[in-house]
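Structural characterization, general
Now for the letters of each chain:
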Amino acid sequence: MDEQSFIDYLRVKRAIDDRSLNATVWNALVTAMPLASQSCPWQVLEIGAGTGAMVQRLLEWDFLHYAAYTALDTSPLFLTEARHALSRWAEQNGLHINQTSEKLSLAGKSREVTVQFVAEELNHWLATASHPKSYDLLIAHAFLDLVNLDETLPPLLSCLKKGGVFYFTINFDGLTVFEPPLQHSLDETILSLYHRTMQEHFVGEKLRSGATCGRRLLTAVGRAGGSLLRAGASDWIIHPVQGKYLPGEDRFLRYFLQMIDEALREQGLVEPTLLRSWLDQRINQIERGELMLIVHQLDLVGRC
Ligand SMILES: C[S@@+](CC[C@H](N)C(=O)[O-])C[C@H]1O[C@@H](n2cnc3c(N)ncnc32)[C@H](O)[C@@H]1O
């Protein structure tokens, strides 16, 4: 998928994530955080921040009041999109905006949030800059399946102050279901091979957490020096109501199928005509307002 399409995918994913985030885990996060003030703002680090959906969500959900927020992502294009989207949101909400080449500051009643955009690869950033015990809150949303947990979590958690909080959300956990079923075994073959493509990617020498990221995190955070406060499911469940999807859901389903198609074609794992026929049937189901999707994911909140 090209970067512009991925930006659109992240845009439509935002509302689906909003509906899916686990409320109990969210409440545990809200309870775990100390009060922020103008003189004592939270230091927040988000890794794999993409187009800034999470920082905007935290502002809209009235969670971020006084904060210095670092949004890190490898893609300068996604971060530019994040900056534009946040500026638009701030304007629409009557906040005062101050911009420099690296930062965007938003100020209003009971609110002073500065977002710094860092276009770097995470492991490179961890290895080259020193951030010991700098942050009150660490966020990773739909990201940790891309890294090797035992390699990345220890240096990452060491960026948190003692007692600092981590909030790891939308972590894929090995189950993708399309309904209604097609030829049963073809569905199973395609989806299990798709999960294997996630698993088999290497980061450096090591395998990334991939399709079992959610359950692996439950123990990996402990090995990395964190302790779990609460975990819960944050499954995406997309279904039409009387043949109609909520806005963006049909686009999201098409992007989701495109990602499966690209992953399987790249690795030559399924006979191309068989894959095409499976995709065409699934696309027809979207057009008829029939296709449903369940993706099992976990959210976690914890402390260092
Ligand atoms: C699935 S997207 C999620 C984006 C965002 N958190 C959201 O859900 O809207 C994963 C993001 O991680 C970024 N990314 C992938 N590997 C990375 C790495 N090694 N270091 C930093 N960012 C990375 C990608 O550019 C992408 O924006």
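Above this text sits the structure in question.
Report follows, based on the coordinates.

Calculation notes
Residues numbered from 1 in each chain as written. Predicted model: local features only at pLDDT ≥ 70, side-chain atom pairs only at ≥ 80, totals over all residues. Axes fitted to C-alpha atoms, helices over the stretch in contact; angles between N-to-C directions. Helix = DSSP H or I, 4+ residues; strand = E, 2+ residues; numbered from the N terminus. Parallel < 35°, antiparallel > 145°, perpendicular 65-115°, else oblique. Left-handed = near helix turned anticlockwise from the far one by under 90°. Contact = placed C-beta atoms within 7 Å. Nonpolar A, V, L, I, M, F, W, Y, C, P; charged D, E, K, R; others polar. Near = placed C-beta within 6 Å. Buried ≥ 20, exposed ≤ 12 C-beta atoms within 10 Å, placed from the backbone.

We now examine the packing of helix α1 (residues 3-20) against helix α9 (residues 249-267). Axis separation between α1 and α9 bottoms out at 9 Å; the angle between their running directions is 120°. Judged by the angle between their axes, α1 and α9 are oblique. Regarding α1 and α9, the two cross each other, and that crossing is left-handed. Contacts between α1 and α9 involve Y9, V12, K13 and I16 on the former and, on the latter, E249, R251, F252 and Y255. Among the residues making up the contact of α1 with α9, the classes are represented as 5 nonpolar, no polar and 3 charged.

We now examine the site of the ligand. The ligand sits among 17 residues. The nearest are G48, G50, A53, L122 and A142. Of all the secondary-structure elements, those providing two or more residues to the shell around the ligand are α1 and α3 (53-60). Tallied by class, residues from the shell around the ligand come to 9 nonpolar, 5 polar and 3 charged.

Of note, L35 is situated in the loop between α2 (23-32) and β1 (42-47). When the C-alpha atoms of L35 and Y66 are compared, they prove to be 9.2 Å apart, with 31 residues separating the residues in sequence.

Here the focus is the environment of V25. Looking at where V25 falls in the secondary structure, it is placed in helix α2. The exposure class of V25 is buried, given the 22 C-beta atoms found within 10 Å. For V25 and F168, which are 143 residues apart along the polypeptide, the C-alpha to C-alpha distance reads 9.8 Å. Residues contacting V25, with those up to four places away along its chain left out, are R230, A231, G232, D299, L300 and V301.

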